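Chain by chain, the residues run as shown.
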Amino acid sequence: MPTSALQPLRRRHFGGRPVLGTTALCVGALTLTPLVYLFVRAFDGGTEKVLRLLLRQRTLDLAIRTATLTLTVLVASVVVGTLLAWLTVRTDLPGRRFFAMVLAAPLAIPSYVSGYLWIAEFPSLAGFSGAAWCSRCLASRW
């Protein structure tokens, strides 16, 4: 065994690039600017107004609906994704490379665009089931 393999690992020292660190900090600060703006604007009306809006029944209904949709899409994605991954990787399915490529194709379209297209083409998909279908088929990974 070479002697270099027995030597303890040296820690890397990152102190030699202050320009890179400063640039990263500036980019991070710029990234947070919209969030800070929204936070400041939200509290312009006072804390009471913010609490009144956050604790109203409509906000609770929307939060529950969002959580339900998230869990529905999660379970469907795990089931369908596992099945399709197994079919394309672990079986002798004819054309499995083609199917792997086709199943990944919806990832190239932003979810809001595909959702709008589905609703425009099939108006009956409006509502919870349509949102779950579009999110599962077009906006999540197989």
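Since the model is a prediction, treat every value here as computed from it, not as a measurement. (Residues numbered from 1 in each chain as written. Predicted model: local features only at pLDDT ≥ 70, side-chain atom pairs only at ≥ 80, totals over all residues. Heavy atoms only, no water.)

1. Focus on the pattern of salt bridges
Under the defined criterion, the tally for this structure stands at one salt bridge. Its salt-bridge partner being Asp44, residue Arg41 comes within 3.5 Å of it at the nearest N-O pair. The class for Arg41 is partly exposed, based on a relative accessible area of 49%. (Salt bridge = Lys/Arg side-chain N within 4 Å of Asp/Glu carboxyl O. Buried < 20%, exposed > 50% of the residue type's maximum accessible area, 1.4 Å probe, protein only.)

2. Observations concerning the confidence of the model for the chain
For the chain, the average pLDDT comes to 83, and 86% of its residues sit at 70 or higher. Within the chain, helix α1 (residues 3-6) has the poorest average pLDDT of any element, 57, and helix α2 (residues 18-42) the best, 91. (pLDDT = per-residue confidence, 0-100. Helix = DSSP H or I, 4+ residues; strand = E, 2+ residues; numbered from the N terminus.)

3. Description of α2
Counted at 1.5 Å a residue, the expected span for α2 with its 25 residues is 36 Å, and the 36 Å between its end C-alpha atoms agrees. Within α2, the axis deviates most sharply at Thr33, by approximately 35°, and proline Pro34 lies no more than four positions further along. (Expected span 1.5 Å × (residues − 1). Bend = angle between axes of the 7 residues up to and from the residue.)

4. As for the side chain of Thr91
Residue placement: Thr91 occurs in the loop between α4 (57-89) and α5 (96-104). On the accessibility criterion, Thr91 (14% relative accessible area) is buried. Apart from residues lying up to four places away in sequence, Thr91 is in contact with Trp86 and Arg96. (Contact = heavy atoms within 4.5 Å.)

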